[in-house]
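The residues making up each chain are set out below.
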Amino acid sequence: MVLGGVEIPFHRGLQGHSDADVLIHAICDALLGASGFGDIGDLFPDTGGRNKNRNSREFLTEVHKLLQSHSIRIVNIDVTLIAQAPKLSSFFDAIRSNLSADLELDQSFVNVKATTTEGLGFTGRAEGIAAHAVVLVEQSIA
């Protein structure tokens, strides 16, 4: 399983057209939405082979370049993983390091946390993982 570009040892993985990195996908969606550029499916469709098994960190750097080309700066990122298992807190520093590097953003402005649903729903049954991302962006006015 890959989350935030970090390999997480776990007996189950996530399924998706790319590497299924739900954390990075949520951040891409939040950045694109906050900037008025649609969503990850618009930019990286799951039709055809171009994005098949693709590393989601590539999506993140492309989204960052798109924002930069429109003079949009990322101020901060806060992401919450929702998963019953595995326990993820020991991976947060490595995830924050990846996100910080890919987005050229100081780590102090990148927050990653996790919660469970106390056994409820598909995440509580460990059938999948969800992620919510909140971002703040600002556009430079020339």
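Scroll up for the structure.
Positions within a chain are numbered from 1, following the residues in the order the chain's sequence is written. With the structure being a predicted model, the display of local features is reserved for residues of pLDDT at least 70 and the display and counting of side-chain atom pairs for 80 or more, all residues being used for whole-chain, interface and lining totals. Side-chain figures throughout are based on the complete set of non-hydrogen atoms in the structure, without hydrogens or water.

Caption draft 1: Representation of unusual backbone geometry in the model. Phi is positive for Ser-71, which is not a glycine, with a value near 60°. One can find Ser-71 in the loop between helix H3 (56-69) and strand E3 (72-82). Look at Glu-104: it is not a glycine, yet its phi comes out positive at around 50°. Per the convention used, a helix needs a DSSP run of H or I reaching at least four residues, while a strand needs a run of E reaching at least two, with both numbered from the N terminus. With respect to the helices and strands, the residue Glu-104 is situated in the loop between helix H4 (92-103) and strand E4 (110-115). Using a 1.4 Å probe on the protein chains alone, a residue whose accessible area is under 20% of its type maximum counts as buried, one over 50% counts as exposed, and one in between counts as partly exposed. For Glu-104, a relative accessible area of 61% corresponds to the exposed category.

Caption draft 2: Main features of the pairing of E3. With 8 of 11 residues buried, E3 lies mostly within the body of the structure. Judged from the 10 bridges that link them, E3 and strand E5 (residues 130-139) form a sheet pairing that is antiparallel. Bridging from a neighbouring strand, Thr-80 pairs with His-132 of E5. Between any two strands, pairing holds if DSSP finds at least two bridges. In this sheet, E4 lies alongside E3 in parallel orientation, the contact comprising 6 bridges. Within E4, the residue paired with Val-79 across the bridge is Val-112.

Caption draft 3: Summary view of the packing of H3 against H4. Each axis is a line fitted through C-alpha atoms, and for a helix only the stretch in contact is used; angles between axes span 0 to 180 degrees, taken between their N-to-C directions. Direction vectors running N to C along H3 and H4 enclose 40°, while the axes themselves pass 9 Å from each other. The orientation of H3 with respect to H4, classified from their angle, is oblique. Crossing geometry of H3 relative to H4 is assigned as right-handed. Each of Arg-57, Leu-60, Thr-61 and His-64 in H3 lies in contact with H4, whose residues at this interface are Asn-98, Leu-99, Asp-102 and Leu-103. Note on residue categories: nonpolar means Ala, Val, Leu, Ile, Met, Phe, Trp, Tyr, Cys or Pro, charged means Asp, Glu, Lys or Arg, and polar means any other residue, Gly included. Split into classes, the residues belonging to the contact of H3 with H4 amount to 3 nonpolar, 3 polar and 2 charged. We call two directions roughly parallel when the angle between them is under 35 degrees, roughly antiparallel when it is over 145, roughly perpendicular when it lies between 65 and 115, and oblique otherwise. Helix crossings are classified by the rotation of the near helix relative to the far one: an anticlockwise turn of less than a right angle makes the crossing left-handed, while a clockwise turn makes it right-handed. Whether two residues are in contact is decided by their heavy atoms: any pair within 4.5 Å suffices.

Caption draft 4: Molecular detail of the nonpolar core. Here, nonpolar core refers to any group of buried Ala, Val, Leu, Ile, Met, Phe, Trp, Tyr and Cys residues whose side-chain atoms link them within 4.5 Å. By size, the foremost hydrophobic cluster in this structure holds 38 residues, and its most contacted members are Leu-3, Leu-23, Leu-31, Leu-81 and Leu-99. Only helix H1 (22-34), H3, E3, H4, E4 and E5 provide two or more residues apiece to this core. Per element, the largest residue contribution to this core is 9 residues, and it comes from H1. Dropping the residues within four chain positions of it, Leu-81 is found in contact with Leu-3, Val-22, Leu-23, Leu-88, Val-112, Lys-113, Ala-114, Thr-115, Ile-129, Ala-130 and Ala-131.

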